[in-house]
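These are the residues of each chain, in order.
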Amino acid sequence: MNYRENYRSWLDDRRLTQEERAELTQIASDEKEQEYRFGGELEFGTAGMRGIIGCGMNMMNVRTVMRATQGLAEYIKTLGKDAMARGVAVSYDTRRNSRLFAEKAAGVLAKNGIKAYIFDRVHPVPMLSFAVRYLGTVAGIMITASHNPKEYNGYKVYGEDGAQMSPEATQMVVKFIEKIDDYLSVEADDTSALILPVPCEVDDTYIEGLTRLTLSDEAVRQCGKDLKLVYTPVHGSGYVPVTQILKKLGINVTTVEEQTKEDPEFSTVKVPNPEYKETLSMGIALANRIHADVVFGTDPDSDRLGVAVKDDEGEFVALSGNQVGILLLDYILTRLKEDGKLPRNAAVVKSFVTTGMAKAICDDFGVTLFEVPVGFKFIGEKIKQWEKSGEYEYVFGFEESCGYLRGTHARDKDAVVASMLCAEMVCYYTYIGKTVYRRLQEIYQKYGYVLDLNVSIQYSGLNAMKEMNAVVDALKTERVAKLGEFEAEAVRDYSASVRRLVNGATEPLDIPKCNCVYYELSGGSFVCVRPSGTEPKLKIYYSVKAESQKKALAALEHIQSDVAALLERVKN
């Protein structure tokens, strides 16, 4: 059926609620809105599904959530009675309808004879990942749209290892979902005895486990009580666990009270993304009033941490995800080495779009660095692989998008443990007479300055994903000899798992496939272009290595100009 027929079919269906019918009636004369809502289906991929909240096949609502959960239930049933009895853990954040979606997901599972554990209040991504592992469930569901604007919500599925579901398992779930043509046919049993609360001990065990990951107990004891740290959960799920772990360690924390409220409108920020300095602006204003040392902010599902520190002039600067990542990497390796606890087979994992400086740091410490595609599930897969083989010992993983994980308690990025580590890192440098900002400058002086920048090009409409992928596909056929002042030494085509050198030779890439083009530039710089898997954005990652920030900025300007011309060429 076309979008008009799909729209009319839903509108005329007696199973619609009054609210759903009223919403669809409002767009009776809006062809564009009808086409967006009913011209396609909300895609379920390896990151689950994410979309604008509203009634329709291409929207986030109880119907699409229940249909997706029915597909997951059918998959679980193929795993046998034991898998059904182990059940699924379900969590949710503070977004619009998050609790409703979580309850409906649990109800669908129960209707299919599958046990469902659901949290009694909002809990972040890392605690859902931990709960899956602690309770031994066969899967997990997290209702969240992470850092997206307030109009969005989403649905993430986790495997039994606590990482986001593997591509292979996701494909099987998708096949079951696609068999459900009648969205309104899926039923839930919201009062089933198979729906159980997540035991309180899960929270306590999670927090207790984090305390065993601390690295600078003496520095925290000496400096934690005097540290002035401002924290904002940005109306999200991080408020309770982040303040709990900081207070447990004896670290003084002041919260931005206006942003501790669970507000699905995120009314105090433009977008609830702590990557942006403006999202931390209320925290920085409070920090300036009380003369604080550092500002933390977490996103709605508390898997991302934003950090602002004072520079040498006493002004707050918001650090990028790459900068926080290299600071944590340097701090973790330094402390492990100082205490004689750095494993001989230590390994660090980062996404391939994350700063190239990580390699220089790892090389200096004699630690093996692994690169994986974007998506923390790939870092989780490495942890799982090494736990079985014993070949490497995981010590840290991070992504440029403000995602970090120390420990193996969770298999997704964890802003709670990252908050703990960053707070004790501030204590450590205070203890030895330094600032975090000064340590960052020392890192640049030691390894060379690297300027990292992520630029997003917004797309819109039903065909946004198709258009973005078409641009990336076109780039694969373009010969690029130079970007800015840097020679293109090799091009990585991750969709074909091949690295093409400038002399025409090719090498295989031992890495999961994804649609992405990566230009290796002379001197250790790179440019990478990929479509986002969760938003209608074409993402361009720049990593420019130079002698100084001034030279890096000048080089970046020329590279960006060449990339803009390249993108314009492939579009035409």
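Going by the structure above, here's the rest.
Residues numbered from 1 in each chain as written. Predicted model: local features only at pLDDT ≥ 70, side-chain atom pairs only at ≥ 80, totals over all residues. Heavy atoms only, no water.

A. Spotlight on the sheet that holds strand β8 (residues 253-255). Taking strand neighbours across the sheet as the criterion, the five strands line up as β8-β7-β9-β10-β11 in an open arrangement whose pairing is mixed. A strand with exactly one partner marks an edge of an open sheet, and here the two such strands are β8 and β11 (316-319). Strand after strand, the sheet turns through a mean of 25 degrees between neighbouring axes, direction not considered. Here four bridges tie strand β10 (residues 305-310) to β11, and the two strands are oriented antiparallel to one another. (Pairing = 2+ DSSP bridges. Helix = DSSP H or I, 4+ residues; strand = E, 2+ residues; numbered from the N terminus. Axes fitted to C-alpha atoms, helices over the stretch in contact; angles between N-to-C directions.)

B. Geometry of helix α19 (residues 549-571). The end-to-end C-alpha separation of α19 is 32 Å, in line with the 33 Å expected for 23 residues at 1.5 Å each. Among all positions of α19, only Ala552, Ala555, Leu556, Ile559, Val563, Leu566, Leu567 and Val570 are buried. (Expected span 1.5 Å × (residues − 1). Buried < 20%, exposed > 50% of the residue type's maximum accessible area, 1.4 Å probe, protein only.)

C. Highlighting the packing of aromatic side chains. On inspection of all chains with the given rule, the structure shows 18 aromatic pairs. Residues phenylalanine 370 and tryptophan 386 carry aromatic rings whose centres are separated by 4.9 Å and whose planes lie at 55 degrees to one another, so their mutual orientation is tilted. Taken together, the positions of phenylalanine 370 in strand β13 (residues 368-372) and tryptophan 386 in helix α15 (residues 376-389) put the pair 16 residues apart, joining distant regions of the chain. Considered together, phenylalanine 370 and tryptophan 386 belong to a single accessibility category, that of buried residues. (Phe/Tyr/Trp six-rings, centres within 6.5 Å; stacked < 30°, edge-to-face > 60°.)

D. Structural view of the environment of aspartate 13. Along the chain, aspartate 13 falls in the loop between α1 (3-11) and α2 (18-25). As a C-alpha pair, aspartate 13 and leucine 184 span 171 residues in sequence and 8.6 Å in three-dimensional space.

E. Structural context of the pattern of salt bridges. Enumeration according to the criterion identifies 41 salt bridges in this entry. For the salt bridge of lysine 156 with aspartate 303, the shortest nitrogen-to-oxygen distance reads 3.7 Å. Placement of the pair is lysine 156 in strand β5 (residues 152-159) and aspartate 303 in the loop between β9 (294-298) and β10, with a sequence separation of 147 residues. Note on accessibility: lysine 156 and aspartate 303 belong to one class, buried. The residue lysine 359 makes a salt bridge to aspartate 363 at a minimum N-O spacing of 2.8 Å. You can see lysine 359 and its partner aspartate 363 sitting in helix α14 (residues 357-365), four residues apart, about one turn around the helix. For lysine 359, a relative accessible area of 47% translates into the label partly exposed. Linked through salt bridges whose partners overlap, the residues forming this network are Lys350, Glu371, Arg492, Arg499, Glu507 and Glu520. (Salt bridge = Lys/Arg side-chain N within 4 Å of Asp/Glu carboxyl O.)

F. Local environment of the pairing of strand β12 (residues 346-351). Of all the six residues making up β12, six are buried; the element is thus mostly covered by neighbouring parts of the structure. A two-sided burial pattern is seen for β12, the buried positions comprising Ala346, Val348 and Lys350 on one face and Ala347, Val349 and Ser351 on the other. In terms of strand pairing, β12 meets strand β14 (residues 393-399) through five bridges, oriented parallel. When the bridges of β14 are listed, alanine 346 appears paired with glutamate 393. Pairing of β12 with β13, which is carried by five bridges, proceeds in the parallel orientation. Each bridged residue has a counterpart across the sheet, and for serine 351 the counterpart in β13 is valine 372.

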